Structures are given as C-alpha cells and as structure tokens.
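Chain by chain, the residues run as shown.
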Amino acid sequence: QVQLVESGGGLVQAGGSLRLSCAASGRTVSRYGMGWFRQAPGKEREFIAVLSWSSGSTDYADSVKGRFTISRDNAKNTVYLQMNSLKPEDTAVYYCGAYPVGWGLPRTPARYDYWGTGTQVTVSS
C-alpha cells in the first residue's frame, strides 16, 4: 500500500510559477515510479510528467516540455513538479500517481496503482 499526498497548489497569474509536492509513504515506495497528471472540468485526466524512481529517467507531455520539471528527493520520498511560465490553460486539479516498477515511463492513468487526492492550480490571465 502506498499513500500519496499532494500540496503546493494555488492561484497564480499567467507567467508565474508554482511548485507542487507529492509525499509518498508506505512500506513499498521504492518499488514504484511516480507521475503527475491533471484534470480540468469536463476533461479526461491528462499526462504531464513521469519519473523513474530507480533510474531517474523522465518523460514529459509536449504541452509542458520546457516549462515543467519533475524531480525527486529520495530521502523524503517526495516528488516535485516545478511549473514555470504558467498559462491559463494549465488550470486544473493536479494529481500524483504511483506505478509499479517495470512499466517503463507510462503515460496512461490505467498503469498507475495509487493516486493522491489532488491539488487545485488556477492560473489567471
């Protein structure tokens, strides 16, 4: 069992920055990779970024590449999403998810076994 808790969301003006955190706990955290997704009202959950806990490899959606950075702090079992140059279309609830090691760098929500409850990010124009 893995528990995930996101934090760091809020209201920011276009062009601004936010850093989201996802704290993971549980006996088997090291067996999971971590990803960030977002979901806007009326839309499906959208892949943002993923990080392999073992190798540190990353992958990003084209819509955020060059603006967002996923990183980790192994000692704290925490994954971060640094978001720069935010746009109104980045407004959504942001979720972190955990997927079992062995799936590479999955972009599909179905590959993820555990999810946090989400944190709201609102970007005003």
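Everything below is about the structure printed above this text.
Our subject in this report is the structure included herewith. Bear in mind that the values here come from a model prediction, so they are computed numbers and not experimental data.

### Describing unusual backbone geometry
In this structure, N77 is a non-glycine residue whose phi angle is positive, near 50°. Its place among the elements puts N77 in the loop between β7 (68-73) and β8 (78-83). Accessibility expressed as a relative area gives 26% for N77, which makes it partly exposed. Positive phi outside glycine occurs at S85, with the angle close to 50°. By secondary structure assignment, the location of S85 is in the loop between β8 and β9 (92-100).

### Considerations on the state of the cysteines
Within this structure, the stated rule accounts for 1 disulfide. What pairs with C22 in a disulfide is C96, and their sulfur atoms sit 2.0 Å apart. The disulfide joining C22 to C96 has a torsion of about 60° about its S-S bond and is therefore right-handed. Placement of C22 in strand β3 (residues 18-25) and of C96 in strand β9 is noted, with a sequence separation of 74 residues between them. The pair formed by C22 and C96 is uniform in burial state, with each residue classed as buried.

### Re the pairing of strand β1 (residues 3-7)
Only one face of β1 is covered, namely the one carrying L4 and E6; the face carrying Q3, V5 and S7 has none of its residues buried. In this structure, β1 lies alongside β3, joined through 5 bridges in antiparallel fashion. Residue pairing in the sheet places V5 in a bridge with A23 of β3.

Parameters at a glance
- Residues numbered from 1 in each chain as written.
- Predicted model: local features only at pLDDT ≥ 70, side-chain atom pairs only at ≥ 80, totals over all residues.
- Heavy atoms only, no water.
- Helix = DSSP H or I, 4+ residues; strand = E, 2+ residues; numbered from the N terminus.
- Buried < 20%, exposed > 50% of the residue type's maximum accessible area, 1.4 Å probe, protein only.
- Disulfide = S-S within 2.5 Å.
- Pairing = 2+ DSSP bridges.

Without other data, these values stay purely geometric and don't point to any function.
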